[in-house]
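Listed here are the chains, written in short residue letters.
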Amino acid sequence: ITSTGATFAAEVPVAVLTPGFSAGTLGRYALIGLYVGVIPVSLGLLWYPFLRRMGASGMSFVLALTVGLLVFLVLDTLLDAMEIAGRLPGVFSGVPLVLSAALLALLGLLGTERLFRRGREGAGRLSTSYRIALGIGLHNLGEGLAIGAAFALGEAALGAFLVVGFTLHNVTEGVGIAAPVLKGEGPRPAHFAGLALLGGGPAILGTWIGGFAYSNLASSVFLAVGAGAILQVVYKVGRLLLEDSVRAGAPVLSAPNLAGFAAGMAVMYATALLVSV
């Protein structure tokens with residue numbers, strides 16, 4: 001109400017104290033990252049025994065589903081990075097910086113691919129699972145940044161909503177990590193623990209960074225590197241799917257493969273709605 005009696009309607013949010021740096025806050029942010037990243041990815045990996053009982057067509061379906069999941073993650077991560085980069089001052093050239101970081105990450109990982117070609121086929125497939133976990137982990141780091149920043153800005157309701165949405169969204173990622181090792185001898189349990197930590201653990205680091213030292217510049221670069229890493233994994237898993245199809249004498253664009261790819265995109269889109277609605 002002004003001095004002349006004029007009124008202006010506006011919503012004033014409830015004031016919430018921004019969490020300060022302390023051992024308790026550090027532990028609570030770590031638990032949030034655990035709930036959002038490690039636990040959902042672990043739940044997805046628990047599907048491994050069931051997936052191994054599927055036939056050849058079923059395994060090809062899961063591999064194609066993994067490609068669909070990863071393609072959606074590439075687009076989602078890159079668009080998020082470009083959106084954050086758009087908030088940067090013009091001197092940083094945000095969008096070119098994002099594209100350059102993603103390209104450098106892709107080329108760097110392709111250049112080191114020869115290091116993963118040594119050993120038997122099972123080891124190669126396991127290394128593919130680790131690379132999928134790494135790419136997904138970088139994506140989950142970005143999710144942790146968003147959650148930590150929401151709590152740092154006092155948006156407790158938004159932060160809690162993001163925790164629930166990202167948790168449901170990330171369960172499907174464990175299935176994609178397990179897909180390359182469905183054939184051959186199964187990995188030791190220690191590898192599954194490592195894959196879960198690599199895929200989900202960065203969400204803890206992201207929550208710490210977002211909660212205590214959020215930066216649009218660092219966030220956009222992290223997300224861009226994650227997009228490049230996931231794109232390299234899309235290439236690797238796609239090549240693996242092609243090799244399996246040639247070995248089985250089946251067309252690459254078969255009905256199970258196309259259905260799996262479409263299902264992967266659809267699942268990620270549907271679960272992403274839980275975050276954006």
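Residues numbered from 1 in each chain as written. Predicted model: local features only at pLDDT ≥ 70, side-chain atom pairs only at ≥ 80, totals over all residues. Heavy atoms only, no water.

Let us look at the overall build of the protein chain. In terms of helices and strands, the protein chain carries 10 helices and zero strands. Tracing the protein chain from N to C terminus, the helices and strands come up as α-α-α-α-α-α-α-α-α-α. Sequence separation of 24 or more characterises 87% of the internal contacts of the protein chain that already satisfy a separation of 6 or more. (Helix = DSSP H or I, 4+ residues; strand = E, 2+ residues; numbered from the N terminus. Contact = heavy atoms within 4.5 Å.)

As a further point, take helix H7 (residues 189-200). Counted at 1.5 Å a residue, the expected span for H7 with its 12 residues is 16 Å, and the 17 Å between its end C-alpha atoms agrees. Buried within H7 we find His191, Phe192, Leu195, Ala196, Gly199 and Gly200. Along the long axis of H7, the arc covered by the buried residues comes to 140 degrees, so they all point the same way. Every exposed residue of H7 that faces more than 90 degrees away from the buried side is listed here: Ala190 and Leu197. (Expected span 1.5 Å × (residues − 1). Buried < 20%, exposed > 50% of the residue type's maximum accessible area, 1.4 Å probe, protein only. Arc of directions from axis to C-beta.)

Looking now at the packing of aromatic side chains. Counted by the stated rule, this structure contains four aromatic pairs. Here the aromatic rings of tryptophan 47 and phenylalanine 50 are separated by 5.7 Å at their centres, their planes lie at 75 degrees, and the arrangement is edge-to-face. The class of phenylalanine 50 is partly exposed, set by a relative accessible area of 43%. In textbook terms, an aromatic cluster arises when at least three aromatic residues are bridged by ring pairs, as seen for Tyr29, Phe151 and Phe212. (Phe/Tyr/Trp six-rings, centres within 6.5 Å; stacked < 30°, edge-to-face > 60°.)

Grouped together as the largest cluster of nonpolar side chains are 36 residues, with contacts concentrated most on Leu45, Leu70, Ile132, Ile177 and Val237. With 11 residues, the top contributor of residues to this core is helix H3 (residues 56-85). Leave out the neighbours within four places in its chain, and leucine 45 touches Gly174, Ile177, Ala178, Phe192, Leu195 and Ala196. (Core = buried A, V, L, I, M, F, W, Y, C linked by side-chain atoms within 4.5 Å.)

Bringing the packing of helix H1 (residues 23-45) against H7 into the picture now. Running from amino to carboxyl end, H1 crosses H7 at an angle of 140 degrees, the nearest separation of the two axes being 8 Å. Classed by the angle they form, the pair H1 and H7 counts as oblique. The handedness of the crossing between H1 and H7 is right-handed. On H7, the residues touching Gly33, Gly37, Val38, Val41, Ser42 and Leu45 of H1 are Phe192, Leu195, Ala196, Leu197, Gly199 and Gly200. Looking at the contact of H1 with H7 residue by residue, the classes come out as seven nonpolar, five polar and no charged. (Axes fitted to C-alpha atoms, helices over the stretch in contact; angles between N-to-C directions. Parallel < 35°, antiparallel > 145°, perpendicular 65-115°, else oblique. Left-handed = near helix turned anticlockwise from the far one by under 90°. Nonpolar A, V, L, I, M, F, W, Y, C, P; charged D, E, K, R; others polar.)

With that out of the way, let us pick up a nonpolar patch on the surface. A surface patch of nonpolar side chains, amounting to about 470 Å² of accessible area, comprises Leu31, Tyr35, Ile39, Leu43 and Leu46. Relative to the helices and strands, leucine 46 resides in the loop between H1 and helix H2 (48-52). (Patch = residues over 30% accessible without salt bridge, like charges linked within 9 Å, V, L, I, M, F, W, Y side chains within 5 Å. Areas by Shrake-Rupley, 256 points an atom, 1.4 Å probe, with all protein chains shown as cover. Salt bridge = Lys/Arg side-chain N within 4 Å of Asp/Glu carboxyl O.)

Positionally, leucine 231 belongs in helix H9 (residues 216-248). Looking at leucine 231, the relative accessible area reads 39%, which means it is partly exposed. Spatially, the C-alpha atoms of leucine 231 and valine 74 are 6.2 Å apart, while their sequence positions differ by 157 residues. When residues no more than four places from it in sequence are discounted, the contact partners of leucine 231 are Val74 and Leu106.

Moving on to the side chain of glutamate 143. Mapped onto the secondary structure, glutamate 143 falls in helix H5 (residues 121-152). Although glutamate 143 is buried, it forms no salt bridge, and the closest oppositely charged side chain is arginine 87 at an N-O distance of 15 Å. In this structure glutamate 143 touches Val36, Phe166, His169 and Asn170, once residues within four positions along its chain are discounted. (Lys, Arg positive; Asp, Glu negative; His and termini not counted.)

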